[in-house]
Amino acid sequence: NVLLERERTEGSSSSPSRDNDSTLQNPGTNSSILDENTKSDSGLPEVSADATGAIHLKRKALQLDYTPTSLEKVAPLTDWLIFRPLQGRSKSSGLCFGDGKSRIDYILVYRKSSSQSEKREVFERNIRAEGLHMEKEASLTNSDVIFLKVHAPWDVLCRYAELMNIRMPFRRKIFYMHRRHKFMSRRKRINKFRGWLPRKPMKFDNDRLPDLEENESFTAPFSRSRIHHFIIHNKDTFFNNATRSRIVHHILQRVKYEEGKNKMGLNRLLSNNSYEAAFPLHEGSYHSKNPIRTHGAENHRHLLYECWAWWGVWYKYQPLDLIRSLYFGEKIGLYFAWLGWYTGMLFPAALVGLLVFLYGVFTLEHCQVSKEICQSTEVIMCPICDQYCPYLRLSDSCIYAKVTHLFDNGATVFFAVFMAVWATVFLEFWKRRRAVLAYDWDLIDWEEEEDEIRPQFEAKYSKKERMNPISGKPEPYQAFTDKYSRLIVSASGIFFMILVVIAAVFGIVIYRVITVSTFAAFGWALIRNNSQVATTGTAVCINFCIIMLLNLYEKVALLLTNLEQPRTESEWENSFTLKMFLFQFVNLNSSTFYIAFFLGRFTGRPGAYLRLINRWKLEECHPSGCLIDLCMQMGIIMVLKQTWNNFMELGYPLIQNWWTRRKLRREHGRNAKAGFPQWERDYNLQPMNAYGLFDEYLEMILQFGFTTIFVAAFPLAPLLALLNNIIEIRLDAYKFVTQWRRPLPSQAKDIGIWYGILEGIGILSVITNAFVIAVTSDFIPRLVYAYKYGPCAGQGRAGQGCMMGYVNISTSLFSLTLKQTFSSSRYRDYREPPDSAEPYSYTLQFWHVLAARLAFIIVFEHMVFAIKTLIAYLIPDLPKDLRDRMRREKYLIQEMMYEAELERLQKEKNEKKKKTDRTHHKEWP
């Protein structure tokens, strides 16, 4: 390695101080002054090496006192991690400075050829003024690339941990016996029934990871004046790597690089290309030559790979504590907690959906409607298109009638109600789960800092200022008229893009109308005899391609969001998220809405068809109904979309990283990368996308919409979502651990605006499923026939025997004027025969069915909304056990702090008394 510059300067010896608004900051005002307890802490026990030369580092681990669902439960964490000796691995692994002692907490990357050198130099001088240590080193593969390594010493970490109110462990937790006895007795009763099951197959066993141990500690905001209260076994490991990186990032975001009150922050230097990249380091390689069973984990990254990101542990619980506390932080930890919770909650939904489908399979032979369709060999149906489409026998639709029964049967209504209730239970119990995580992760009292004003907003409105009512400081101000005029323009842009999607759907409709005639005249008999299914299948595939092409919405959403000029970063993120979700939701579901509610509804009748542009006859439903088209649409789109997303999420980073490794091998030899330091290897990985977890959340939210909105037409949607999510958890984990640079650990209390979007989807799903059952399926017409017109009319029952004659009464006659071998044909509708007083007018049964459909929609929606509201009311947001734990912990912390202060005061009193006694003894004659 080429060592360009070694800069290690203590805060007390940095450059001269100036006023607060100047470019350089006064380190003297921020110098770390620790009490005697801190200074004497060097005598604390350090790491201990065993006979094999391994060093065991003791750390805090958390245990969630909660029973989550599968694939989401928090596994116990490693309490002892086995590392190689620090001195031997520092230079080879690239995790420390050249001295092999100072840990690298952050990496900044820039190019010597950059034109922003002056800003960068001022920024680095102010970094030193804050007390941070720096060391520069050139890249081994490109001499123009410079790596700036940043290390935070102990006094700087303590100072900023106190300023940031970072909670640290200060006392081991001791559960009071009543709660523990109650929990253990309940567990014993449960274990009696689990004797025949495999012993905890989803947990990590001690043979698999021998260094797992459960441990809990009370935490409190760090304070230098009370540092003697905290559990400090070793200064080097008291603040874990994730916390150290977060502290350094906090400092870098507040260091000035130029004169001016707002010329500060690493993000602005990244945006103006002063620095090319900034990231914390991964903790070494995720691979090891030695098995983890016998040699333990090399580092936390290796442990995460073995117990989380490796595909062989797909059935294990996620180690959420390790993900959150030691590596990725609360924000990413919450995403995987939510994803695991969602996946676990899909198990009952997938099981019930599968049972509904199997119910359709087992009752298929007893379905009177499909029997009549299959036996109607003499019933001739009208052609589905103007040209080339022949007259078909109703019995030709036998297969489609049977397939339709698999999804449209007596259990469909129950499943729609079940899924509406399931969505509510999922959201309500997630709130409880989030509360437990917030408690165990010390986020109950955490409040997000006030967002900084975006540089773009500041540059646009810096000429006009007003006083901030909270901080009392002047800040840029956006006039009311300017703000809402921009919002109107942005809303117009959104409306225009929605019209583009509708135009694409209109194009698909024209394609379906034209192509059905083409397929009807196709030379291949299989296609010719199934022209409508072929039309639907190809239209869905083309629609999927259009969906992927219209993903250019991201650029439009960026343009519109920047046009609005949001004031803070959180406002920008919420506005961008809402636009992207709206675009993607309309793009993905517009064709599905067309098939569900418009296909075959406004076609007219034979002899008086409604035509598109007075030319093309509108598409009709299949003789067996429109539900088969909706099933095909949902099944194909869902499978293709999820397959494509998974390929792009993992395939794209893999291909890019493979290409980078290929270039390095070509230029520096086959084994070149093995000799690179860690910062060089991390720099060659792909950065996390610019929008953080946005893409991951968006994919899952859209899937949640598919799973709930049209689930009455496709009961297998939860099962497909479950299978995808089992893969998605490990795929995302593998991507975070192996393919991406380590993201900055950051805090968050919940999933943000996504929760409100989920609630909106839950409400929409009730409405759409009511309309699917009432309008798209044949559930209501069959019910009306069974109770009013069938053989069982007036008897108050509606079995399969009551459906005899349904096919005949649900189709209408049309008199043929052309010379045919038959005088009439049938079509799906409730109209009078041609020889009646009012030929082709709607029958009384049509109005009965319409009234029943409207009544069902109203009753279904009110009933389901009432159930959802009742469930939301009955399920408290905070579990009672957690509420008791919080109260008791608060009480114990107060008692501990009080006792500790009494001990300190008593100790000072005794020392003072001894000193006074010695003084009096000397004065004694």
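The chain is annotated in an unreviewed UniProt entry as Anoctamin of Salarias fasciatus. We quote the UniProt Sequence similarities (unreviewed entry) comment for the chain here in full: "Belongs to the anoctamin family."

Describing the overall build of the chain
The helix and strand inventory of the chain stands at 29 helices and 20 strands. Looking at the chain as a whole, 53% of its 925 residues qualify as buried. Counted over contacts in the chain with a minimum sequence separation of 6, partners at least 24 positions apart contribute 76%. Looking at the chain as shown, the accessible area adds up to about 44,600 Å², and 59% of this sits on carbon and sulfur atoms.

Looking at the state of the cysteines
Note: disulfide means a covalent bond formed between the sulfur atoms of two cysteine side chains. One pass over the structure, following the stated rule, counts 2 disulfides. Between C374 and C398 runs a disulfide, and the two sulfur atoms are separated by 1.9 Å. Looking down the S-S bond of the C374 and C398 bridge, the torsion is 80°, so its handedness is right-handed. Separated by 24 residues along the polypeptide, C374 in helix α12 (residues 368-375) and C398 in helix α13 (residues 398-407) bring together distant segments of the chain. For C374, a relative accessible area of 23% puts it in the partly exposed group. Through a disulfide, C792 is tied to C802; the S-S separation comes to 1.9 Å. Here the disulfide of C792 and C802 is left-handed, its torsion about the S-S bond being about -85°.

As for helix α7 (residues 241-252)
Helix length check: α7 (12 residues) gives 16 Å between terminal C-alpha atoms against 16 Å at 1.5 Å per residue, within 8%. Of all the 12 residues making up α7, 12 are buried; the element is thus mostly covered by neighbouring parts of the structure. All of the buried residues along α7 are N241, A242, T243, R244, S245, R246, I247, V248, H249, H250, I251 and L252. With a side-chain oxygen positioned 3.1 Å from the backbone nitrogen of A242, the residue opening α7 is N240.

Overview of the environment of P687
You can see P687 is positioned in the loop between α22 (678-683) and α23 (694-709). A C-alpha to C-alpha distance of 9.4 Å links P687 and P653, two positions 34 residues apart in sequence. With residues near it in sequence (within four places) discarded, P687 still touches W740 and R741.

Considering the environment of G98
Following the sequence through the fold, G98 ends up in the loop between α2 (86-93) and β5 (106-111). In this structure the C-alpha to C-alpha distance between G98 and E135, which are 37 residues apart in sequence, comes to 8.4 Å.

Description of a nonpolar patch on the surface
Residues W644, F647, M648, Y652, I655, W658 and W659 make up a contiguous nonpolar surface patch of roughly 760 Å² in combined accessible area. Mapping W644 onto the fold places it in helix α21 (residues 627-668).

Quick notes on the pattern of salt bridges
Evaluation of the coordinates by the stated rule reveals 20 salt bridges. Here R111 and D144 are joined by a salt bridge, their closest N and O atoms 3.7 Å apart. With R111 in strand β5 and D144 in the loop between β6 (133-138) and β7 (145-151), the pair connects residues that are 33 residues apart, well separated along the chain. Judged by relative accessible area, which is 29%, R111 ranks as partly exposed. Overall, D144 belongs to the buried group, its relative accessible area being 18%. We note a salt bridge from K880 to D884, for which the minimum N-O separation is 3.2 Å. Residue K880 and its partner D884 are both found in helix α29 (residues 880-923); the two are separated by 4 residues, about one turn of the helix. Members of the salt-bridge network, linked through shared partners, are R111, D144 and E276.

A closer look at the packing of helix α10 (residues 300-309) against helix α24 (residues 717-739)
The N-to-C vectors of α10 and α24 enclose an angle of 165°; their axes lie 10 Å apart at closest approach. When the axes of α10 and α24 are compared, the pair comes out roughly antiparallel. Here the hand of the crossing between α10 and α24 comes out left-handed. Residues R301, L304, Y305, C307, W308 and A309 of α10 form the contact with α24, whose participating residues are I729, R730, A733, Y734, V737 and T738. Per-class residue counts for the contact of α10 with α24 are 9 nonpolar, 1 polar and 2 charged.

Quick notes on unusual backbone geometry
Within the chain, N273 stands out as a residue other than glycine whose phi angle is a positive 65°. Considering the arrangement of structural elements, one finds N273 in the loop between α8 (266-271) and β10 (277-279). Classification of N273 by relative accessible area gives exposed; the value is 56%. A positive phi angle, near 55°, is found at Q565, a position not held by glycine. For Q565, the location among the structural elements is in the loop between α19 (553-564) and α20 (569-597). On the basis of relative accessibility, which here comes to 13%, the residue Q565 falls in the buried class.

Looking at the packing of α10 against helix α11 (residues 320-362)
In contact at an axis separation of 11 Å, α10 and α11 are set at 50° when each is read in the N-to-C sense. When the interaxial angle is binned, α10 and α11 end up oblique. Within the contact between the two elements, α10 uses H300, R301, L303, L304, C307 and W308 and α11 uses L322, I323, L326, Y327, F328 and F336. Partitioning the contact of α10 with α11 into residue classes produces 10 nonpolar, 1 polar and 1 charged.

What to know about the packing of aromatic side chains
On inspection of all chains with the given rule, the structure shows 49 aromatic pairs. Both rings, one in Y335 and one in Y697, keep their centres 5.1 Å apart while their planes meet at 80°; by these two values the pair is edge-to-face. A residue pair is termed long-range when its members are at least 10 positions apart, and Y335 in helix α11 and Y697 in helix α23 qualify at 362 residues. Y697 shares its class with Y335; the two are buried. Judged by centre distance (4.4 Å) and plane angle (45°), the ring pair of F480 and Y484 falls under tilted. Here F480 and its partner Y484 are both found in helix α16 (residues 480-520), 4 residues apart, which amounts to about one turn of the helix. Here the guanidinium or amino end of R742 rests over the ring plane of Y327, the centre of that ring lying 3.8 Å away. The side chain of R831 reaches across the aromatic face of Y842, ending 4.3 Å from its centre.

Focus: the pairing of β6
Regular strands place side chains that alternate from one sheet face to the opposite one. Among the 6 residues of β6, 6 are classified as buried, and the element is accordingly described as predominantly covered. The alternating pattern of β6 places H133, E135 and E137 on one face and M134, K136 and A138 on the opposite face, and all of these are buried. Between the end of β6 and the start of β7, which pair antiparallel, lie 6 residues.

Rules of the game
- Residues numbered from 1 in each chain as written.
- Predicted model: local features only at pLDDT ≥ 70, side-chain atom pairs only at ≥ 80, totals over all residues.
- Heavy atoms only, no water.
- UniProt positions renumbered as here; feature names shortened; annotations may be inferred.
- Helix = DSSP H or I, 4+ residues; strand = E, 2+ residues; numbered from the N terminus.
- Buried < 20%, exposed > 50% of the residue type's maximum accessible area, 1.4 Å probe, protein only.
- Contact = heavy atoms within 4.5 Å.
- Areas by Shrake-Rupley, 256 points an atom, 1.4 Å probe, with all protein chains shown as cover.
- Disulfide = S-S within 2.5 Å.
- Expected span 1.5 Å × (residues − 1).
- Polar contact = N/O pair within 3.5 Å; in protein donor to acceptor, adjacent residues only side chain to side chain.
- Patch = residues over 30% accessible without salt bridge, like charges linked within 9 Å, V, L, I, M, F, W, Y side chains within 5 Å.
- Salt bridge = Lys/Arg side-chain N within 4 Å of Asp/Glu carboxyl O.
- Axes fitted to C-alpha atoms, helices over the stretch in contact; angles between N-to-C directions.
- Parallel < 35°, antiparallel > 145°, perpendicular 65-115°, else oblique.
- Left-handed = near helix turned anticlockwise from the far one by under 90°.
- Nonpolar A, V, L, I, M, F, W, Y, C, P; charged D, E, K, R; others polar.
- Phe/Tyr/Trp six-rings, centres within 6.5 Å; stacked < 30°, edge-to-face > 60°.
- Lys NZ or Arg CZ within 6 Å of the ring centre and 35° of its normal.
- Pairing = 2+ DSSP bridges.

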